[in-house]
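# Overview (structure and organization)
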Amino acid sequence: MTPTRIFRGTAEVRKSLLRRQPLGSPSLGMETQGLLRRAYDADLSPEQFVETVFREVAASGDRELRRLSGILDSTPAVELEVSSDRISGALDEVSRELRDDLETAAGRIRRFHERTIPESWFDEQTGLGQRINPIGKVGIYAPGGRASYPSSILMSAIPAAVAGVTEIFLCIPPGNDGRPSRVSLAAAAVAGVDRVFCAGGAQAIAAMALGTETIPKVDKIAGPGNLFVVLALRRAFGMVGVSLLPGPTETLIIADANAGAEHVAADLLAQAEHDELASPLLLTDSYELAEEVQSRLVDDLADLPLRTIAAESLRTLGGIGVVDTLDEAVELANDYAPEHLCLLVEEPRSLARKVRNAGGVFLGRSSPEVVGDYAAGPSHVMPVGGTAAFASPLNVGDFVKITSVFDIPDRDSKHLAEVSARLARVEGLEGHARAADLRAGVAAQPALDGA
């Protein structure tokens with residue numbers, strides 16, 4: 001196996017290791033190209049394919065979903081909607097241990113998000129306030145098909161349930177038997193999902209954004225997915241709300257000389273196996289640790305089931321950066337704004353105070369990212385691609401809407417109306433000014449000739 005690269009010095013690390021490049025539309029494999037061609041009898045780019053999917057789902061609804069499932073899914077969906085009995089019954093079909101694990105994770109996720117519920121407020125003095133109301137209908141997308149990801153269902157649906165969303169729908173691709181897996185349905189039952197639909201990919205996003213005979217149009221869509229799902233979420237924005245545009249995962253570890261190469265390598269590999277486009281990165285002030293981690297990665301890859309994926313991720317988008325100080329490493333991390341930032345250092349809390357941009361910060365050996373992926377509590381749906389500089393992980397706030405309330409006391413209304421009238425005339429909006437004048441109880445004023 002080719003070892004991951006080591007870069008030395010802040011300038012080289014910034015230039016070669018932490019330089020982001022737009023993903024654009026990566027070249028598609030022959031199998032995927034063939035499926036797109038079969039779907040619409042044309043050679044389409046991913047963006048063109050998604051645009052066509054939206055147009056055809058809008059025109060044909062369920063019929064187009066079934067047609068695409070017959071072409072794109074390894075086994076076509078047996079039915080578009082899963083019965084409520086099958087969803088609730090799935091909990092009895094999985095092992096007792098798995099059910100306990102799902103409920104343990106769900107309980108921690110629920111308790112975390114219950115502490116973050118925003119509250120309505122009103123100030124009698126100013127007559128101003130905010131009403132917090134949950135969104136009516138939310139669509140959750142969860143990856144599926146070849147593998148099941150119950151954690152994504154828990155991490156996306158539970159914050160919506162805690163927010164008080166009226167109806168939560170889940171779209172998930174069919175498995176090998178043409179139905180969602182039992183473990184996915186069990187997770188849906190634990191998370192409080194109301195209805196489950198067997199649809200995947202861009203067509204599922206289009207269905208939730210547009211509505212079909214079976215799948216209702218929702219108000220907002222959340223959840224991770226592949227390139228086509230992300231492009232579909234981008235296309236759906238404006239038709240419905242979209243919480244995040246989740247892309248390939250990224251992890252940045254900051255480690256000191258005492259971090260332990262075994263732990264660092266394990267955490268890097270845990271993320272590298274996600275996807276060839278994942279970014280497993282290490283910054284350290286110890287060249288000796290860098291070399292130990294490099295060697296350990298080669299050894300640990302040898303018997304990793306997904307070693308081909310992990311090796312490609314490490315080779316192309318992964319790497320190790322050696323800098324002079326941990327403070328330099330944190331500044332580089334703030335500029336990079338990673339999805340996950342792991343601090344494997346002697347005093348992680350002290351270093352964490354200097355972090356400004358990250359989706360999640362994991363402090364020390366006892367808080368590995370993998371626990372955050374499954375059972376810690378905060379959602380693992382986090383901002384990627386540098387968007388952690390301005391965006392937040394999926395949370396209760398994504399599933400509520402704020403309505404401003406105005407009930408201005410009489411004692412303030414006249415003065416505020418006078419101020420508003422003057423500002424309106426500065427902007428050349430005489431109709432606004434006259435409406436304010438009326439409330440201020442003053443005679444109509446002539447319009448200004450310019451301002």
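That block above? That's the structure.
All right, on to the overall build of the chain then. A count of helical and extended segments in the chain gives 18 helices and 15 strands. Each principal axis of the C-alpha atoms in the chain carries an extent, and together these give about 85 × 60 × 45 Å. Taken across its 451 residues, the chain has 47% of its residues classed as buried. Within the chain, residue pairs in contact and separated by at least 24 positions form 74% of the contacts whose partners lie at least 6 positions apart. Accessible surface, the chain: about 21800 Å² in total, of which carbon and sulfur atoms supply 50%. Mean positive and mean negative side-chain charge positions of the chain (44 and 62 charges, respectively) differ by 4 Å.

Along the chain, the position of Thr284 falls in strand 11 (residues 279–284). Within polar-contact distance, the side chain of Thr284 engages the backbone nitrogen of Ser286 at 3.1 Å.

Taken in spatial order, the six strands make up an open sheet running 2-7-6-5-8-9, and their pairing is mixed. The outermost strands of the open sheet, each flanked by one partner alone, are strand 2 (81–82) and strand 9 (241–242). Bridging between strand 2 and strand 7 (residues 195–198) involves two bridges; their strand directions are antiparallel. When the bridges of strand 7 are listed, Glu81 appears paired with Phe197. Packing of helix 9 (residues 201–210) onto the sheet brings it into contact with strand 5 (137–141), strand 6 (167–172) and strand 8 (220–222), and relative to strand 5 it is tilted by some 180°.

This next bit is on the nonpolar core. Formed by 42 residues in total, the largest nonpolar core has its most connected members in Ile153, Leu154, Leu170, Val193, Val196 and Phe399. Listing elements by their share of this core, those giving two or more residues are helix 5 (84–93), helix 6 (96–114), strand 5, helix 7 (150–163), strand 6 and helix 8 (182–191). Top contributing element to this core by residue count: helix 7, with eight residues. Those residues in contact with Leu170 that lie beyond four places of it in its chain are Ile140, Ala142, Ile153, Ala188, Val193, Arg195, Val196 and Phe197.

Rules of the game
- Residues numbered from 1 in each chain as written.
- Predicted model: local features only at pLDDT ≥ 70, side-chain atom pairs only at ≥ 80, totals over all residues.
- Heavy atoms only, no water.
- Helix = DSSP H or I, 4+ residues; strand = E, 2+ residues; numbered from the N terminus.
- Buried < 20%, exposed > 50% of the residue type's maximum accessible area, 1.4 Å probe, protein only.
- Contact = heavy atoms within 4.5 Å.
- Areas by Shrake-Rupley, 256 points an atom, 1.4 Å probe, with all protein chains shown as cover.
- Lys, Arg positive; Asp, Glu negative; His and termini not counted.
- Charge placed at Lys NZ, Arg CZ, Asp CG, Glu CD.
- Polar contact = N/O pair within 3.5 Å; in protein donor to acceptor, adjacent residues only side chain to side chain.
- Pairing = 2+ DSSP bridges.
- Axes fitted to C-alpha atoms, helices over the stretch in contact; angles between N-to-C directions.
- Core = buried A, V, L, I, M, F, W, Y, C linked by side-chain atoms within 4.5 Å.

By themselves, these observations are geometric and do not establish any function.
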